[in-house]
Amino acid sequence: MYDAIIIGAGPAGLTAAIYARRAEKKVLVLEAKSYGGQIINTLDIENYPAEEHISGFDFATKLYNQAKNLGAEIVFEKAVEIKDFKSYKEVITPRNTYQTKTIILATGSENRKLNIEKEEELIGKGISYCATCDGAFYKKKRVAVVGGGNTALEDALYLSNLVDTVYLIHRRDSFRGEEATLNQLKEKENVQMILNSNVVALNATDRLKSIEVEDLEGNKQTIEVDGLFVAVGRIPENENFRQIIQLDSAGYIEAGEDCHTNVEGIYAAGDNRVKEVRQLVTAASDGAIAATEAIKYINNHQED
Amino acid sequence: MEIIEVNQNNFEKEILKSEKPVLIDFNANWCGPCRMLKPILEEIAKENDSVKIASINIDDEEDLADEYGVSSIPCLVFVKEGKEVKRSIGLQPKEAIEEMIGE
């Protein structure tokens, strides 16, 4: 029986593992893919306290080693179901069933798709969800970025230094992203903003050739692009827990700043929880809080 | 087996004319997920003698990346007798890669 099973080895999950191990709890971290979470896609982190510059890969690796060296077991299996038996809980993966006193859900989120035809088949053939990963393949080409948040603005700015033309397409008339980034973008001669518009279709032969863009009045235009970078937000990865964990209408876990879910002994940490600010430092913060709450719960239920 | 660095000079010998099937890993130093994938591929290379694993740096070998139409990395291309049979994009867990190369 584990004291805590942490689902997800991103910044929230690994921080939780560090706190739980320092309290000498028996900890298992389950990760479906690879440690680090989405931060591994970030080239340079500049807003983490005491680290002026660090790559996402280096950050993730340091965090992973720290948790591991403290004695956290880290296993690469996907948690497909969790069960609550009051006095203990179970986490089920395709290979194993694990028993634990507490669970910390730190699954994070995945890229939201546009949900238009051919999107899936054109991934890697013109469609991308990561400008810093794939931008280099579009040097001197024409690309579009769709979205209105920080990621979309940062993607457009990053790409504007590499490519010939960037079309920034957003369904509203103003951007949610940071003013400073937006102002930088407005100075760029090769960035063209297309507001109040949606990407409604993708034209391709073997790879993306052009996109159909429709404005709010229903006027359509075809724009020739080699790449379309989709930055329309993220979806929390909570579907496997829906049976017992309360989610909001967007799929985020209904847990407050104390990280408590509706089930005693199960906590939520990081981007998969209802919250205002989703940053590296707030994910780490959630990890610390969730672990501390889990430790309290374990110590209070020792005689059970 | 070790992972073999492939460039324009040894591409034909190591990939097109390879007796063993080859799993090509298109990567770059600046690509975080590629760096995450590397130790997984090293493990597979060590445990497996029937498949050759080749690494192609897309910044140094733009023409090879172009030839394979790579526009997103990490990109794994599985080649048998010189011909592409399977491809995957993005960071993959070890199991998925083993399945891809038919273990």
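## So, the environment of K38(B)
All names here are of chain B. Mapping K38 onto the fold places it in helix α2 (residues 32-47). A relative accessible area of 24% places K38 in the partly exposed class. Distance in space between the C-alpha atoms of K38 and M1 is 14 Å, their sequence separation being 37 residues. Residue contacts for K38: discarding those within four places in its chain leaves I3, E5, D25, N27 and S55.

## Some details on the sheet that holds strand β9 (residues 142-146) of chain A
Residue and element names in this part refer to chain A. Within the open sheet, the 5 strands sit side by side as β8-β15-β9-β10-β11. Their pairing is parallel. Whereas interior strands pair on both sides, the edge strands pair on one side only; in this sheet they are β8 (127-128) and β11 (191-194). In the sheet, β9 pairs with strand β10 (residues 165-169) via 5 bridges, with the strands oriented parallel. Looking at the pairing, V145 lines up with L168 of β10.

## Re the domain arrangement of chain A
The domains assigned to chain A are domain 1 (2-110 + 234-300) and domain 2 (120-230). The C-alpha-based centres of domain 1 of chain A and domain 2 of chain A are spaced at 33 Å.

## Regarding the packing of helix α4 (residues 150-160) of chain A against helix α5 (residues 179-186) of chain A
Residue and element names in this part refer to chain A. Relative orientation of the contacting elements α4 and α5 amounts to 35°, with a least axis distance of 10 Å. Here α4 runs over α5; the crossing is left-handed. For the pair α4 and α5, the contacting residues are L153, E154, A156 and L157 in the first and T181, L182, Q184 and L185 in the second. For the contact of α4 with α5, the per-class residue count stands at 5 nonpolar, 2 polar and 1 charged.

## Some thoughts on the packing of aromatic side chains
Considering all chains together, one arrives at 7 aromatic pairs over all chains under this definition. With 4.0 Å between their ring centres and 15° between their planes, Y35(A) and Y64(A) make a pair best called stacked. Taken together, the residues Y35(A) in the loop between β2 (27-30) and α2 (56-69) and Y64(A) in helix α2 connect sequence positions 29 residues apart. For Y64(A), a relative accessible area of 13% corresponds to the buried category. Taking the centre distance of 5.6 Å and the plane angle of 50° together, the rings of F26(B) and Y68(B) count as tilted. Here F26(B) is found in strand β2 (residues 22-27), whereas its partner Y68(B) is found in the loop between α3 (62-67) and β4 (75-80), with 42 residues between them in sequence. With a relative accessible area of 0%, F26(B) lands in the buried category. Judged by its relative accessible area of 12%, Y68(B) is buried. Ring pairs connect the aromatic residues F11(B), F26(B) and Y68(B), which therefore count as one cluster. Above the face of the Y129(A) ring, K113(A) is positioned so that its terminal group lies 5.6 Å from the ring centre.

Rules behind the numbers
Residues numbered from 1 in each chain as written. Chains lettered and ligands numbered in written order. Predicted model: local features only at pLDDT ≥ 70, side-chain atom pairs only at ≥ 80, totals over all residues. Heavy atoms only, no water. Helix = DSSP H or I, 4+ residues; strand = E, 2+ residues; numbered from the N terminus. Buried < 20%, exposed > 50% of the residue type's maximum accessible area, 1.4 Å probe, protein only. Contact = heavy atoms within 4.5 Å. Pairing = 2+ DSSP bridges. Domains from an automatic or database assignment. Axes fitted to C-alpha atoms, helices over the stretch in contact; angles between N-to-C directions. Left-handed = near helix turned anticlockwise from the far one by under 90°. Nonpolar A, V, L, I, M, F, W, Y, C, P; charged D, E, K, R; others polar. Phe/Tyr/Trp six-rings, centres within 6.5 Å; stacked < 30°, edge-to-face > 60°. Lys NZ or Arg CZ within 6 Å of the ring centre and 35° of its normal.

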